[in-house]
Amino acid sequence: MNISKFLWDAAKAEPRQGLPILSFPAAQKLGVDVEQLVKTSELQAKAMEVIAKETDILTAIGLMDLSVEAEAFGAEVKFSKNEIPAIVGQLVSDEKEAEALQIPSLEAGRIGVCVEGIRQAKERITDKPLLAGTIGPFSLAGRLMDVTEIMYICYDEPETVHIVLEKATEFLIQYGAAMKAAGADGIMMAEPLAGILNPEMAEEFSVPYVKRIIDALQDENFGIVYHNCGNAVPRMLDSIFSQNAVAYHFGNAVKMDEILAAAPADALCMGNVDPASQFAQGTPESIRAATKELLEKCGKYKNFIPSSGCDIPAHSSWDTINAFFEALKD
Amino acid sequence: MILKEIAELLESGKSKATKELVQKAIDEGVDPQDILKEGLLGGMSSIGEKFKKNEVFVPEVLMAARAMNQSIELLKPLLAEAGVESVGKVCIGTVQGDLHDIGKNLVKMMLEGKGFEVIDLGTDVAPETFVNAAIENNCDIICCSALLTTTMHVMEDVVKAAEAAGIHDRVKIMIGGAPVNEEFCKQIGADGYTVDAASAADMALTFVQ
């Protein structure tokens, strides 16, 4: 499937169809916890299927579990029944450790579980394209080097960060290729840590690597949706759009109408109903109002697809999630 | 003039140069309290304002804070000798169940940039640990951070634990993090919420003045 054309057709159609980052709340529908979900291919496939079939989501979407790739490199993961897994500790702190870091095989950690989950999901979901979820290169490097420490290392030993980024990028290309081979129509690539960098640093430590991944993987039938939910995004839009993703997904730290006003008409943008205050803590009434407000401000743009601002928390109420989709139809 | 230079060097995140200039100021007999207030804290205050306006971003704040922390080591014995005390004491941590710390680290640095003594309890901090730390260290403020919608409710347990321990009348409780807001702050009975780290430090200052 030509995913780019599919998304552009949807952006121009009325009523709008949404593409929220909706995966973990499927655990409620399946009667399992988050830990079971992130460790089991079949459950992941069922999660994608249940959301694709029971909601008006534009495409099926894989789990946005941003611990998988760092775990494959050897980082320690803390699992939870209610929350997505988190990386703890610092695997790489200096140049020596960066040099010693091995690019993992596609059998490492839960990589195989996730690829198999996509393969099974593709068999189950035949009426919608499927986007797998992966992390972006700087965000992966941050998980390997600690998200605070990497900021200092970017200044003190930038070459060390580049060594890790080279390896992260190579691995993400291999992982993306495996997702592609498993049947995914594209990838939602989350690069949130780049969103707190200043524009110059993002230009050095994220953009070229993202671009390299996109150049390696993207073709007519496979596209990358780039996600960055940081507040520094408005200052780095030119470099973000230079990455040539099929679409760009932004968080609720930015004003979506301002992003769209600044975006070129050929840059497809998605966003940004607050996942915390609306999807997780809001009510059907409040999210309906927030979604309508978003449409009022952004509905005039034909390069816009309504979405959540980031990953929707696992415990979000389905009444509230459904109200988001209903508001798009009104 | 040298104090202005210290502030500017700190703002640009140059730890070594800031430290060298602080040493020079000490050697020239500049009052350590002035070096602290006008030089180091002045620089942090300026970068905090720029951070609030999105003129600088997280890395610049971290680098400036590191420059301050390294330079302040030179001043500590002199300030102690002169009987200069911190503007207040804060214990800070990310609440139980939550391992995210960059937001907490930023607030800690901004608080130190306002002259607070900060006790960092780390991440995954139980409500009773906040309260015990506040009692043991005679803190003025407890700061709770959370990134997750599933852990933000632990903040309410911190408020309850502070009330049960009988310290909430003298220890303010501030909250922050992506999922929380002013409404939630009021709802759980906390004393302050701000949208960013620099504003948190400003609010903390109002609680001790």
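Everything numeric in this text was worked out from a predicted model, so none of it was measured.

## Concerning the overall build of chain A
Helix and strand content of chain A: 17 helices and nine strands. Over its C-alpha trace chain A gives a radius of gyration of 18 Å, about what one expects of a compact globule, namely 20 Å for 330 residues. Counting only contacts in chain A whose residues sit at least 6 apart along the sequence, the fraction spanning at least 24 positions is 74%.

## Describing the overall build of chain B
Looking only at helices and strands, chain B has nine helices and five strands in total. The order of α-helices and β-strands along chain B, N terminus first, is α-α-α-α-β-α-β-α-β-α-β-α-β-α. Taken over the C-alpha trace, chain B has a radius of gyration of 17 Å; the compact-globule value for 209 residues is 17 Å, and the two agree within 12%. Seen through its C-alpha atoms, chain B measures out along the principal axes to roughly 50 × 35 × 25 Å. In chain B, buried positions account for 56% of the 209 residues. Taking the intrachain contacts of chain B between residues at least 6 apart in sequence as the baseline, contacts between residues at least 24 apart amount to 73%.

## Details of the sheet that holds strand E6 (residues 223-228) of chain A
Residue and element names in this part refer to chain A. Reading across the sheet, the seven strands line up as E1-E4-E5-E6-E7-E8-E9 and stay open at both edges, with parallel pairing between neighbours. Every other strand in the sheet has two partners, leaving strand E1 (60-61) and strand E9 (304-308) as the edge strands with one partner each. Here two bridges tie strand E7 (residues 247-250) to strand E8 (residues 269-273), and the two strands are oriented parallel to one another. Bridge pairing in E8 links His-249 to Met-270. Each of strand E5 (186-190), E6, E7 and E9 is contacted by helix H1 (residues 3-12), which is oriented at about 90 degrees to E9, the strand it contacts most.

## Notes on the domain arrangement of chain B
Residue and element names in this part refer to chain B. When the domains of chain B are assigned, the result is domain 1 (2-81) and domain 2 (88-208). The C-alpha-based centres of domain 1 and domain 2 are spaced at 25 Å. If you look at the interface, domain 1 gives 13 residues, while domain 2 gives eleven residues. Those elements that provide at least two residues to the side of domain 1 that touches domain 2 are helix H3 (32-52) and helix H4 (58-81). Split into classes, the residues belonging to the side of domain 1 that touches domain 2 amount to eight nonpolar, three polar and two charged.

## Examining unusual backbone geometry
What is expected of a backbone is that most residues other than glycine have negative phi and most peptide bonds are trans. Residues and elements named next belong to chain A. Between Glu-14 and the following residue, Pro-15, the backbone shows a cis peptide bond with an omega angle of -10 degrees. Inspection of the secondary structure puts Pro-15 in the loop between H1 and helix H2 (26-30). Of note, the bond from Gly-271 into Asn-272 is cis; its omega dihedral lies within 30 degrees of zero at -20 degrees. Structurally, Asn-272 can be placed in strand E8. Positive phi is not limited to glycine here, since Asp-146 has a value of about 85 degrees.

## Topic: the sheet that holds strand E4 (residues 172-176) of chain B
All names here are of chain B. Spatially, five strands are ordered E2-E1-E3-E4-E5 in an open sheet, and the strand pairing comes out parallel. The open sheet is flanked by strand E2 (116-120) and strand E5 (192-193), the only strands paired with a single partner. In this fold helix H6 (residues 127-136) packs onto strand E1 (88-94), E2 and strand E3 (141-145), with an angle of close to 165 degrees to the strand it touches most, E1.

## Focus: helix H5 (residues 102-113) of chain B
Residues spaced three or four apart along an α-helix face the same direction, because each turn holds 3.6 residues. All names here are of chain B. The terminal C-alpha atoms of H5, which comprises twelve residues, lie 16 Å apart, in line with the 16 Å expected from a rise of 1.5 Å per residue. Most of H5 sits inside the fold, with eleven of its twelve residues counted as buried. Regarding H5, the residues found buried are Gly-103, Lys-104, Asn-105, Leu-106, Val-107, Lys-108, Met-109, Met-110, Leu-111, Glu-112 and Gly-113. Where H5 terminates, the next one or two residues include Gly-115, which has phi positive at roughly 95 degrees.

## Side note on the pairing of E8 of chain A
Residue and element names in this part refer to chain A. Extensive coverage of E8 is indicated by the burial of five of its five residues. Regarding topology, helix H14 (residues 256-262) serves as the crossover connection from E7 to the parallel E8, and that connection is right-handed. Direction of pairing for E8 relative to E9: parallel, over a ladder of five bridges. Bridging across to E9, Val-273 finds its partner in Ser-308.

## A few points about the environment of Val-233 of chain A
All names here are of chain A. Looking at where Val-233 falls in the secondary structure, it is placed in the loop between E6 and helix H13 (237-241). Overall, the presence of 22 C-beta atoms within 10 Å leaves Val-233 in the buried class. C-alpha separation for the pair Val-233 and Lys-5, spaced 228 residues apart in sequence, amounts to 25 Å.

## Here we look at the nonpolar core
Residue and element names in this part refer to chain B. Counting 194 residues, the largest nonpolar core has Ile-142, Met-155 and Val-158 as its most contacted members. When residues in this core are grouped by element, the largest group, nine residues, is from H4. When residues of this core are sorted by domain, at least three fall in each of domain 1 (2-81) and domain 2 (88-208).

## Brief notes about the interface of chain A and chain B
Counting from both sides, the interface comprises 23 residues of chain A and, opposite them, 20 residues of chain B. Of all the secondary-structure elements, those providing two or more residues to the side of chain A that touches chain B are strand E3 (86-88), helix H9 (149-156) and helix H15 (275-280) of chain A. If you tally residues by element for the side of chain A that touches chain B, the top one is H9 of chain A, at four residues. Split into classes, the residues belonging to the side of chain A that touches chain B amount to 14 nonpolar, seven polar and two charged.

## Re the confidence of the model for chain B
A low pLDDT means the predicted coordinates there should not be read in detail. Within chain B, residue pLDDT values average 94, and 100% of them lie at 70 or more. Quick note on the complex model: pTM equals 0.92, ipTM equals 0.87.

## Focus on the environment of Ser-277 of chain A
Residue position: Ser-277 of chain A is located in helix H15. Here the alpha-carbon distance between Ser-277 of chain A and Pro-15 of chain A, two residues 262 residues apart in the chain, equals 25 Å. Contact partners of Ser-277 of chain A, with chain neighbours within four places excluded, come to Gly-282 of chain A together with Asn-181 of chain B.

## Overview of helix H9 (residues 197-208) of chain B
All names here are of chain B. For H9, with twelve residues, the first-to-last C-alpha span of 17 Å sits near the 16 Å given by 1.5 Å per residue. Turning to H9, its buried residues are Ala-197, Ala-198, Ala-200, Ala-201 and Ala-204. For H9, the buried positions fall inside an angular range of 155 degrees around the axis, keeping them on one side. Packing partners of the buried residues in H9 comprise H3, E1, H5, E2, E3 and E4.

Conventions we followed
- Residues numbered from 1 in each chain as written.
- Chains lettered and ligands numbered in written order.
- Predicted model: local features only at pLDDT ≥ 70, side-chain atom pairs only at ≥ 80, totals over all residues.
- Helix = DSSP H or I, 4+ residues; strand = E, 2+ residues; numbered from the N terminus.
- Rg over C-alpha atoms; globule rule 2.2 N^0.38 Å.
- Contact = placed C-beta atoms within 7 Å.
- Buried ≥ 20, exposed ≤ 12 C-beta atoms within 10 Å, placed from the backbone.
- Pairing = 2+ DSSP bridges.
- Axes fitted to C-alpha atoms, helices over the stretch in contact; angles between N-to-C directions.
- Domains from an automatic or database assignment.
- Nonpolar A, V, L, I, M, F, W, Y, C, P; charged D, E, K, R; others polar.
- Expected span 1.5 Å × (residues − 1).
- Right-handed = clockwise from strand over helix to strand, strands pointing away.
- Core = buried A, V, L, I, M, F, W, Y, C linked by C-beta atoms within 7 Å.
- pLDDT = per-residue confidence, 0-100.
- Arc of directions from axis to C-beta.

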